[in-house]
Amino acid sequence: MSPPELARFDLNLIKVFLAIWEAGNLTTAGERLGLTQPAVSHALRRLRDQFSDPLFQRVGNQMVPTKTAIRLQGSFHKALSLLDQTMQESRVFTPETTTRRFKIAMTDTGEFFSMPAILSAVEKAAPFASINSVRVDPVDMPASLRSGLVDLAIAYLPGVDTSRCDGRVLIEDRMVCLMRAGHPALAGEWTESSFAALSFVDVSHAATGYQLARTALAKRGHSLNARATLDHFTVVPEVVRQTDFVAIFPQSIFLRLQERGGFEARDLPFNVPSFEVKLWNHASFAADPALIWLRTLIYEVLAAR
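Residues numbered from 1 in each chain as written. Predicted model: local features only at pLDDT ≥ 70, side-chain atom pairs only at ≥ 80, totals over all residues. Heavy atoms only, no water.

Chemist: Please give an account of the nonpolar core that cites residues and values.
Modeler: In terms of nonpolar packing, the biggest core is built from 61 residues, with Phe-102, Ile-154, Phe-195, Leu-294 and Ile-298 touching the most fellow members. Contact partners of Phe-195, with chain neighbours within four places excluded, come to Cys-177, Trp-190, Phe-200, Leu-217, Leu-224, Ile-248, Leu-268, Pro-269 and Phe-270. Counting residues in each nonpolar core, the second largest holds 22 residues, with Phe-9, Ala-19, Leu-47 and Phe-76 among its members. (Core = buried A, V, L, I, M, F, W, Y, C linked by side-chain atoms within 4.5 Å. Buried < 20%, exposed > 50% of the residue type's maximum accessible area, 1.4 Å probe, protein only. Contact = heavy atoms within 4.5 Å.)

Below, the structure written as structure tokens:
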């Protein structure tokens, strides 16, 4: 690209390129950037004209990068990361006066565990700041952090590329069987078969830790006797409290419920590994002073619990 061409080049096109690269889909790329699908298509046409190459070609439902796009991706990522870092380092952040709205990806059980402590701390340290909890599919989490759709994530993300995303352990959690106090299963035989025969409240949008337990049970030849399916984990405890339904549930949340009384839990009758819930951020925003402050605050209030 010649100097005159570089002077006319729209740096926003780099963001569009990287969003398409990560999403493999124009509509999803647009959602992550806050753009319509036609706007993303128009930006892609401009990129194609600029480099005289299709860059991405549709194969089924995916936009597959060409050889030229593969060569450009590394340079574009480094250039945008350098620009982000330069801008972040030049900012002055004052918690006492900031009006920034922070977006944190977490599940509804994550909200139950972490939001009261986070909001209490933010209210005291940054009274004009706002916190938004955002739902993001674990598969999309790295791209959502990279695009800025979310600032941070509190999640168990196995297999994530740690060269791009940094995770700091908040808690080590495990799944247990949640039931009401006095449930007949507390006095009965406790085996894989008796466990699988109980009446379960299942959750349609299950977190990754929950999937660990369900997968382990399936590998042993059993399936959950799910007689009720809910959309949200936070409704589960009240159903369990008032019925003989049981649920696979994070121990970290059970311990909070146990303080209020009315609940018991049993270890799962088969081996399920524990898992680390971490506070995640993307390397591209590691120098943002506002996010450095928020990461530190969240870690201090949650890791100590």
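Chemist: Explain the side chain of Ser-199 to me, and be specific about the residues and the numbers.
Modeler: Position of Ser-199 among the secondary structure elements: in the loop between helix H8 (192-197) and strand E8 (200-203). Overall, Ser-199 belongs to the buried group, its relative accessible area being 17%. A distance of 3.0 Å separates the side chain of Ser-199 from the side chain of Arg-227, its partner in a polar contact. When sequence neighbours within four positions are dropped, the list of residues in contact with Ser-199 reads Asn-225, Arg-227, Asp-244, Phe-245 and Val-246. (Helix = DSSP H or I, 4+ residues; strand = E, 2+ residues; numbered from the N terminus. Polar contact = N/O pair within 3.5 Å; in protein donor to acceptor, adjacent residues only side chain to side chain.)

Chemist: Go over the pairing of strand E3 (residues 101-105), please, and point to the residues and values.
Modeler: Across 5 bridges, E3 lies against strand E4 (residues 130-134) in parallel orientation. Within E4, the position partnered with Ala-105 by the bridge is Val-134. Running through helix H6 (residues 108-125), the crossover from E3 to the neighbouring parallel element E4 is right-handed. Summarising the sheet, E3 and strand E5 (residues 152-155) pair through 2 bridges and their orientation is parallel. Note on E5: the bridge partner recorded for Ile-104 is Leu-152. (Pairing = 2+ DSSP bridges. Right-handed = clockwise from strand over helix to strand, strands pointing away.)

Chemist: Please set out the packing of helix H3 (residues 26-33) against helix H4 (residues 37-51) residue by residue, giving values where relevant.
Modeler: With their axes 8 Å apart at the nearest point, H3 and H4 run at an angle of 105 degrees to one another. One way to sum up the angle between H3 and H4 is to call them roughly perpendicular. Between H3, through Leu-26, Thr-27 and Gly-30, and H4, the contact on the second element is made entirely by Gln-37, Val-40, Ser-41 and Leu-44. Classifying every residue of the contact of H3 with H4 by side-chain character gives 3 nonpolar, 4 polar and no charged. (Axes fitted to C-alpha atoms, helices over the stretch in contact; angles between N-to-C directions. Parallel < 35°, antiparallel > 145°, perpendicular 65-115°, else oblique. Nonpolar A, V, L, I, M, F, W, Y, C, P; charged D, E, K, R; others polar.)

Don't take any of this as a statement about function, it's just geometry.
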